[in-house]
Structure formats: C-alpha cells, structure tokens
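# Structural features, examined
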Amino acid sequence: MVYVGICDDLIEHRKMLRAVCDRYFSERRLKYEIVLFRSGEEMLEYSGERLTLLLLDIEMKGITGIDVMHRLLHSDKIWRILFVSSHDELMIQTFGLKTLGFCSKPIRYEDISRWLDVAIEESDCNKIIRFEDNALINVDEIIYIESDGHYIRVHTVNEHPLFVMDIYEASELLNNTNVARIHKSYMVNLAYIDQLTARYVKLQENYSPLPIGRSYKEDIKQRYQAYIYEVAKRRSKL
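These remarks concern the structure in this document. Just so it is clear, the model here is predicted, and its values are computed rather than measured.

### A look at the overall build of the chain
Within the chain, the regular secondary structure consists of six helices and 15 strands. Its C-alpha atoms give the chain a radius of gyration of 19 Å, near enough to 18 Å, the size a compact globule of 238 residues would have. Dimensions of the chain along its principal axes, counting C-alpha atoms only, are 55 × 35 × 35 Å. Looking at the chain residue by residue over its 238 residues, the buried ones come to 48%. When contacts within the chain are restricted to residue pairs at least 6 apart in sequence, long-range pairs at least 24 apart make up 55% of them. Approximately 12,900 Å² of the chain is accessible, and the part contributed by carbon and sulfur atoms is 47%. With 32 positive and 37 negative side-chain charges, the chain shows a separation of 4 Å between the mean positions of the two kinds.

So this is what it looks like as structure tokens:
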C-alpha cells in the first residue's frame, strides 16, 4: 500500500493533484490511499500511516511548506517530500534530507507521475533490518553506526540504540544497502554524506566528522560515486 499526502490550501489544486494520483495508481494497478491537508498545521497534526510521499505547496495561509519541511526533518510521519509550487525562486530553500524534488505549477500529469515513479522505486529499496528480535530499523533512518568492541550503537534520526553485535556482523546485515564501512569502528549511510574527503566524512546532520580508515579510502570513494550516479540517473529521467 502506498500512502500519499497532498497539502495545499487551495481546494482546486488539491483536487487536481488528487486526480493525477488517482490516474497514476489506477493505470499501474497499485493499492494506494490519498490523505488531503488544507494547511501545514493540519499536516503536522497527522497521526495516520506513514506517507511515502507528501506533495507540498510552499506558500500557504499560516505556516509555509518550507517550515513544514523543517519540522518534519526528524519525523517518521513521512518518507519523502515533493514540493509542488509556482514559486520557482524558492526552490533552493526546499533542499533537505526528506526532499525528493521540486515540481513547478501549473500541475501536469507527466511531471507528477515521473516523481511518483522515483519515490516508489527508491522507497522499495529501503530495507528493514532486524538487529534484534524486537529491534527493526529502516535503512533510510540509519545515519551512522559506531562500534565499541562487541557492541554497536546505531545512530538514527530519532534514537541511538545499542546492540550486542560487532561491526563485522553489522556489515553482513547491511550488505547491499547504502550503509557502508568507512573505518574499523564506523559505518555511514551514503545518503547522509555532505562532504567526502580523503580523511573524513562530514554528515548533513550536526555530527562531528567521522574518520576514514586508510584501507577503506578507495572503497568508500567508489561506493559514494556509484551511489550519486545511481540517484542522478534515476532523477535525470524527469
């Protein structure tokens, strides 16, 4: 089931976006549910199923869409945001960890449907990892992992749980994901890298830079370049 939120203070725009989504999911025969919000305040009060994608206007009565984005930065209410707005000049302000992209108004089926393709494809790649019997964590929520002997601490967007597991076991669990080894004591989610140098990784969050071990230098460089290329290739179709 795919859950899509539409947040726009103009009823005609909500109706148009709803019609686009109805057509998209009907043509692909996917199960879905649309949740409509008349304001940013109403969206922030939402407590239903996690939204795969939130179609969000920028200029609204009350708080703006950009304010909503900042308040949702560490929320599990949504997975990704697609800004749908006529204010192209504000595009640079929409960049964020949860932002998938920007779509200009007037609304066109072809534009929204392509972004929905990307959101669903990337969401399907987001594995759930079982660290312990009752400890399930989505890969996209992991920022980095640090090791201390036979323990690892998983730093996520909301928590920092500790598990009885060494970093070698963690590497096996996270094989074929975006979480990569950079040091004998650290793993990092490629999606959260802000800057990669020969000596350290700077994250997009307010964390101290993480060191890169000499034996991991070339591997992390190649993996990060491959990750950026894959993301760019998916989104260059838009």
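Here the narrative resumes.
### As for the side chain of Asn138
Position of Asn138 relative to the elements: it lies in strand β7 (residues 135-138). Setting aside chain neighbours within four positions, we find Asn138 in contact with Arg50, Asn126, Lys127 and Ile128.

### Some details on the packing of aromatic side chains
Applying the stated criterion to the full structure yields seven aromatic pairs. When the ring of Phe131 is compared with that of Phe163, the centres are 5.1 Å apart and the planes differ by 10°; the resulting orientation is stacked. With Phe131 in strand β6 (residues 128-132) and Phe163 in strand β10 (residues 162-164), the pair connects residues that are 32 residues apart, well separated along the chain. Here the aromatic residues Tyr24, Phe25 and Tyr32 are joined through ring pairs into a cluster of three or more.

Rules behind the numbers
- Residues numbered from 1 in each chain as written.
- Predicted model: local features only at pLDDT ≥ 70, side-chain atom pairs only at ≥ 80, totals over all residues.
- Heavy atoms only, no water.
- Helix = DSSP H or I, 4+ residues; strand = E, 2+ residues; numbered from the N terminus.
- Rg over C-alpha atoms; globule rule 2.2 N^0.38 Å.
- Buried < 20%, exposed > 50% of the residue type's maximum accessible area, 1.4 Å probe, protein only.
- Contact = heavy atoms within 4.5 Å.
- Areas by Shrake-Rupley, 256 points an atom, 1.4 Å probe, with all protein chains shown as cover.
- Lys, Arg positive; Asp, Glu negative; His and termini not counted.
- Charge placed at Lys NZ, Arg CZ, Asp CG, Glu CD.
- Phe/Tyr/Trp six-rings, centres within 6.5 Å; stacked < 30°, edge-to-face > 60°.

Geometric descriptors of this kind do not, in isolation, establish any biological role.
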